[in-house]
Amino acid sequence: MSRTDISRELRPDGKPRLPPGQRLVKDWPVLHYGSIPRLDLKTWRFHVWGLVPEEKTFTWEEFNALGQVRTVSDIHCVTSWSKFDNEWEGVPFRAVYEAVKPLPEAKYVMVHCYGGYTTNIPLEDLLRDDVLFAHSHNGQPLTPEHGWPMRLVVPHLYFWKSAKWVGGLQFLAHDRPGFWETYGYHMYGDPWKEQRYA
Ligand SMILES: Nc1nc2c(c(=O)[nH]1)N[C@H]1C(S)=C(S)[C@@H](COP(=O)(O)O)O[C@H]1N2
Ligand SMILES: [Mo]
């Protein structure tokens, strides 16, 4: 191990950049349950419902017009691979939040995907600056297997929370398990606490 070993870096908060039990990869593995949904930008819609003053449906153009941001963040998959320095581009979660203005009772979000996948995330976690709905990775549009046309990116949680083929948000007062959480994955999924399985 050299002194400049990237896997030994520390974050500004003093935690290791590489969470415990993780190993770095250079490629980008593809993982999902079921098949890749066939989607079309002309019929793609983003639905928002639950604890919101008004249900909303956005077209591809409307959704992207909410705002655009570029971020760089690391991926940590629960199956123990991590990938550093991913550049993402897309719509910041906060822009969607501001367009929708959820009710004060809304504390959790169920993320819904084309194909039926779901995952649950506390609302305050989604309001971080590096959370976005990404359409591009390292300067290229997402490929179908990585979530084209749009995926959620939540860098501080295990990557199963970063839902591919995202199509909607349901605002909730109480936490509920999504797809993998029903099958024993942790309800929150902090990689630095190794919250892999419940
Ligand atoms: N819609 C959907 N999103 C999903 C999944 C899935 O099965 N369906 N799997 C999750 C899991 S378990 C992981 S590890 C990551 C993998 O993303 P990648 O294939 O782009 O590496 O997607 C997450 N998002
Ligand atoms: Mo995963």
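Conventions adopted
- Residues numbered from 1 in each chain as written.
- Chains lettered and ligands numbered in written order.
- Predicted model: local features only at pLDDT ≥ 70, side-chain atom pairs only at ≥ 80, totals over all residues.
- Heavy atoms only, no water.
- Near = heavy atom within 4 Å.
- Polar contact = N/O pair within 3.5 Å; in protein donor to acceptor, adjacent residues only side chain to side chain.
- Areas by Shrake-Rupley, 256 points an atom, 1.4 Å probe, with all protein chains shown as cover.
- Nonpolar A, V, L, I, M, F, W, Y, C, P; charged D, E, K, R; others polar.
- Salt bridge = Lys/Arg side-chain N within 4 Å of Asp/Glu carboxyl O.
- Buried < 20%, exposed > 50% of the residue type's maximum accessible area, 1.4 Å probe, protein only.
- Helix = DSSP H or I, 4+ residues; strand = E, 2+ residues; numbered from the N terminus.
- Arc of directions from axis to C-beta.
- Pairing = 2+ DSSP bridges.
- Axes fitted to C-alpha atoms, helices over the stretch in contact; angles between N-to-C directions.
- Contact = heavy atoms within 4.5 Å.
- Core = buried A, V, L, I, M, F, W, Y, C linked by side-chain atoms within 4.5 Å.
- Disulfide = S-S within 2.5 Å.

Residue-level account of the site of ligand 1, with values.
Around ligand 1, the surrounding shell holds 19 residues, and the nearest of these are P29, Y33, H146, R151 and K164. In this structure, R151 approaches ligand 1 through a side-chain N or O atom, which is 2.6 Å from an oxygen atom. Side-chain polar atom of K164 to an oxygen atom of ligand 1: 2.5 Å apart, as the coordinates give it. Here ligand 1 has 530 Å² of accessible area as a free molecule, and 98% of this is covered by the chains. Among the residues making up the shell around ligand 1, the classes are represented as 14 nonpolar, 3 polar and 2 charged.

Go over the pattern of salt bridges with me, naming the residues and quoting the values.
Taken as a whole and judged by the stated rule, the model has 8 salt bridges. Between D13 and R11 there is a salt bridge; the shortest N-O distance is 2.6 Å. In this structure D13 comes out as partly exposed when scored by relative accessible area, which is 48%. Here R17 makes a salt bridge to D85, at a shortest N to O gap of 2.9 Å. Of the two residues, R17 sits in the segment before strand 1 (23-24) while D85 sits in strand 5 (residues 81-92), which places them 68 residues apart along the sequence. On the basis of relative accessible area, R17 is assigned to the buried category, the value being 12%. A cluster of three or more residues bridged by salt bridges with shared partners is formed by E9, R17, D74 and D85.

Summarise unusual backbone geometry; cite the residues concerned and give the values.
Note that the residue after W148, namely P149, is joined by a cis bond; omega there is 10°. Among the secondary structure elements, P149 is positioned in the loop between strand 9 (140-141) and strand 10 (151-153).

Let's hear about helix 2 (residues 93-100): which residues, and what values?
Listed in full, the buried residues belonging to helix 2 are F93, A95, V96 and V100. Each buried residue of helix 2 lies within a common arc of 160° when the element is viewed along its axis, so the set occupies one face. One or two steps after helix 2, the chain reaches K101, where phi turns positive at roughly 50°.

Explain the sheet that holds strand 7 (residues 118-122) residue by residue, including any values.
In a beta sheet, neighbouring strands are held together by backbone hydrogen bonds and run either parallel or antiparallel to one another. The 5 strands lie next to each other as 3-2-11-6-7, forming an open sheet whose pairing is mixed. Of all strands in the sheet, those with a lone pairing partner are strand 3 (56-59) and strand 7, marking the two edges. Across the sheet, the axes of successive neighbouring strands diverge by a mean angle of 20°, strand direction being ignored. Bridge count between strand 6 (residues 108-113) and strand 11 (residues 166-172): 6 bridges; the pairing is antiparallel. Directly across from Y108, in strand 11, lies its bridge partner L172.

Tell me about the environment of L51, and please be specific about residues and values.
Structurally, L51 can be placed in the loop between strand 2 (45-50) and strand 3. Judged by relative accessible area, L51 falls into the partly exposed class, the value being 23%. In this structure the C-alpha to C-alpha distance between L51 and K101, which are 50 residues apart in sequence, comes to 9.4 Å. When near neighbours in sequence (up to four residues on either side) are disregarded, L51 contacts P102, L103, E105, A106, F171, L172 and A173.

Got a sec to walk through the nonpolar core? Specific residues and values, please.
F46, F63, F93, F133, L169 and F171 are the most contacted members of the largest nonpolar core, which has 36 residues in total. Contributions of two or more residues to this core are made by strand 2, helix 1 (60-64), helix 2, strand 6, helix 3 (123-126) and strand 11. If we ignore the near neighbours within four places in the chain, the residues touching L169 are F46, H47, V48, W49, F93, V96, V109, M110, V111 and F133. Core analysis: the next-biggest nonpolar cluster, separate from the first, contains 11 residues, I75, C77, W81 and A134 among them.

Summarise the state of the cysteines; cite the residues concerned and give the values.
Following the criterion strictly, the structure yields 0 disulfides and no others. Sulfur of C77: no disulfide; nearest cysteine sulfur belongs to C113 and is 15 Å away.

Could you give me a rundown of the pairing of strand 7, with the residues and numbers involved?
Taken across its 5 residues, strand 7 has 5 buried, putting it largely inside the fold. Burial of the side chains of strand 7 extends over both faces: T118, N120 and P122 are buried on one face and T119 and I121 on the other. Here 5 bridges tie strand 6 to strand 7, and the two strands are oriented antiparallel to one another. Each bridged residue has a counterpart across the sheet, and for Y108 the counterpart in strand 7 is P122.

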